[in-house]
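Listed here are the chains, written in short residue letters.
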Amino acid sequence: MSQHSQAGASDWQPAQPGEQRSPCPALNSLANGGHIPRSGIASRAQLVSAMVQRLGLATALADKLAKEAIEKFGKPGDGGEQVLHLQDLCQPGKLEHDASLTRQDAHVGDSAKIDPALVEQLLALSKNGQTLTLDDLATAHQIRMQQSAQGGHVVPPKAGLVGTVEAALLYCVLSRGEGISLADAREFLLSERIPQGLTGHDISLAQVARRAITVALKGNLPMCDAARRAKDALKK
Ligand code: HEM
């Protein structure tokens, strides 16, 4: 089956008082859709199943992400098993990092909350006005790294590394062959809702890693168009 199952749009509901969310658009979308508990407290098995069924990740990749998250942040849940509290992911410097595409750095603002102006900055980088390509994401990542470094701020290299992996995950999950449509990007990043009928499936660690390397190289090598566009955008 090339399309993984999707819940109807009516199942989506933003976080209600007392429900936890994180700086991750994917985990928040899963909670908003009820694919993991809306409370924002989820077990490893719940995380894995939602990432496989709703985002199209291969089980091995989903399990690796969930296992690492639970190992780092897990707390005993009601049934005794370890659970992830989404709000724990907001702690700066653990997994949360500088130079996010859609959130401010912790040293200048709220690093857990979506900054709509940053989302618009990202969407405006679409070269063809319709989709975000991997090149566009490389430009976006490079711009955010430079913006974060402004004023002499030292951006930890880990922030750059994790940022390229997140951009790659975003691309693998949301692209439909020709890139990520701006409508899908807006829905996922601003409303934190999983777009209907995503086509990615069995997305592996190798696929994500290849794209992360592409994002890093294209954004940093001066002869690449993505790096040149970032440089030009920052001059304006
Ligand atoms: C258990 C699994 C996961 C955990 C624990 C996790 C955790 C996080 C955390 C802590 C951040 C914030 C980093 C920052 O400061 O920007 C983040 C960002 C992000 N995550 Fe996840 N994540 C998971 C799975 C996924 C998946 C499957 C996707 C696929 C689309 C994804 C996409 C993203 C993206 C695109 C960002 C960057 C947002 C931005 O730069 O503004 N994550 N994630």
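All figures in this text were calculated on a predicted structure; none of them were measured in a lab. Residue positions within a chain follow its written sequence, with the count starting from 1. At least 70 in pLDDT is required for a residue's local features to be given in this predicted model, at least 80 for side-chain atom pairs to be given and counted, and no such filter applies to totals for whole chains, interfaces and linings, which use all residues. The side-chain quantities take in all heavy atoms of the structure and omit both hydrogens and water.

**Student:** What is the right way to read the coordination of the iron atom of the ligand from this model?
**Tutor:** A donor here means an N, O or S atom no more than 2.8 Å from the metal, or no more than 3.2 Å when the metal is Na, K or Ca. Since water is not included, a site may seem to lack partners. Inspection of the coordination sphere of the iron atom of the ligand shows a single protein donor, C24 (SG), at 2.4 Å. Secondary structure elements follow DSSP: runs of H or I of four or more residues count as helices, runs of E of two or more count as strands, with numbering from the N terminus. Turning to its location among the elements, C24 is positioned in the segment before α1 (25-32).

**Student:** Can you walk me through the site of the ligand in this structure?
**Tutor:** Whether a residue is near a molecule or strand is decided by its heavy atoms; if any one of them lies within 4 Å of it, the residue is near. Taken together, 24 residues lie near the ligand, and C24, H97, S100, L101 and T102 sit nearest. Between the ligand and the protein, one listed contact pairs an oxygen atom with a side-chain N or O atom of E96 at 3.2 Å. A majority-of-atoms criterion places the ligand in the largest pocket. For the shell around the ligand, the element with the highest residue contribution is helix α6 (residues 157-174), accounting for 4 residues. Taken together, the residues of the shell around the ligand sort by class into 18 nonpolar, 3 polar and 3 charged. When residues of the shell around the ligand are assigned to domains, at least three fall in each of domain 1 (19-88) and domain 2 (97-236). A 3.5 Å cut-off defines polar contacts: any pair of N or O atoms within that distance qualifies, except that in protein one atom must be a possible hydrogen donor and the other a possible acceptor, and neighbouring residues in sequence count only when both atoms are side-chain atoms. The pocket and cavity definitions rest on a 1 Å grid over protein atoms only: a 1.4 Å probe that fits but cannot leave marks a cavity, an open set with protein on both sides within 12 Å along at least five of seven lines marks a pocket, and residues lining either have an atom within 4 Å of a point. In this scheme, a molecule is assigned to a cavity or pocket if more than half of its atoms are within 2 Å of the grid points. All residues other than Ala, Val, Leu, Ile, Met, Phe, Trp, Tyr, Cys, Pro, Asp, Glu, Lys and Arg, Gly among them, are scored as polar; the first ten of these are nonpolar and the last four charged. What fixes the domain bounds is an automatic or database domain assignment.

**Student:** Can you walk me through unusual backbone geometry in this structure?
**Tutor:** Excluding glycine, a negative phi dihedral is what most residues carry, and trans is how most peptide bonds are arranged. Here A99, not a glycine, exhibits a phi torsion of approximately 65°, which is positive. Positionally, A99 belongs in the loop between β3 (82-85) and α4 (116-123). With a phi close to 55°, D202 is a non-glycine residue in the positive phi region. The topology assignment puts D202 in the loop between α7 (182-191) and α8 (205-220). Classification of D202 as exposed rests on a relative accessible area of 53%. In this scheme, a residue with accessible area under 20% of its type's maximum is buried, one over 50% is exposed, and one in between is partly exposed, where area comes from a 1.4 Å probe on protein chains only.

**Student:** Help me understand the packing of helix α5 (residues 134-149) against α8, please; the structure alone is not making it clear to me.
**Tutor:** Each pair of packed helices gets described by two things: the angle between the helix axes and the distance between those axes. Axes here refer to lines fitted to C-alpha atoms; in helices the fit is confined to the stretch in contact. Angles between the N-to-C directions go from 0 to 180 degrees. For the pair α5 and α8, interaxial distance at closest approach is 8 Å and the crossing angle is 60°. By the angle between their axes, α5 is oblique relative to α8. In terms of crossing hand, the pair formed by α5 and α8 is right-handed. Facing α5, whose interface residues are L134, D135, L137, A138, H141 and Q142, α8 presents R211, T214, V215, K218, G219 and N220. Taken together, the residues of the contact of α5 with α8 sort by class into 4 nonpolar, 5 polar and 3 charged. Orientation is classified from the angle alone, with under 35 degrees giving roughly parallel, over 145 giving roughly antiparallel, 65 to 115 giving roughly perpendicular, and any other angle giving oblique. Note: crossing handedness is left-handed where the near helix turns anticlockwise from the far helix by less than a right angle, and right-handed where it turns clockwise. The contact criterion used is simple: two residues touch if any of their non-hydrogen atoms lie within 4.5 Å.

**Student:** Looking at this structure, I do not really get the packing of α1 against α7. What am I missing?
**Tutor:** Relative to each other, α1 and α7 sit at 85°, their axes nearing to 8 Å. In terms of orientation, α1 and α7 fall into the roughly perpendicular class. On the side of α1, the interface is formed by P25, A26, S29 and N32, while α7 contributes F188, L189 and S191. Looking at the contact of α1 with α7, its residues break down into 4 nonpolar, 3 polar and no charged.

**Student:** Sorry, what's going on with the domain arrangement of the chain here?
**Tutor:** How big an interface is tends to be reported as the loss of accessible area on association of its parts. Under the domain assignment used here, the chain contains domain 1 (19-88) and domain 2 (97-236). For domain 1 versus domain 2, the separation of C-alpha centres amounts to 22 Å. With 17 residues of domain 1 at the interface, the matching set in domain 2 holds 18 residues. Throughout, the accessible surface (probe 1.4 Å) given up by two parts as they are put together, summed over both, is called the buried area. Counting the surface lost from both domain 1 and domain 2, the interface buries some 1,300 Å², and carbon and sulfur atoms represent 64% of this. When the area that domain 1 buries against domain 2 is broken down by residue, the three leading residues are P25, L55 and L61, summing to 33%. The salt bridge criterion pairs a side-chain nitrogen of Lys or Arg with a carboxyl oxygen of Asp or Glu, the two atoms within 4 Å. Across the contact surface, domain 1 and domain 2 share 0 salt bridges. Counting the contacts that link domain 1 with domain 2 gives 7 residue pairs in polar contact (both at pLDDT 80 or more). Breaking the side of domain 1 that touches domain 2 down by element, the ones donating at least two residues are α1, α2 (44-55) and α3 (59-73). Looking at the side of domain 1 that touches domain 2, the element that brings in the most residues is α1, giving 6 residues.

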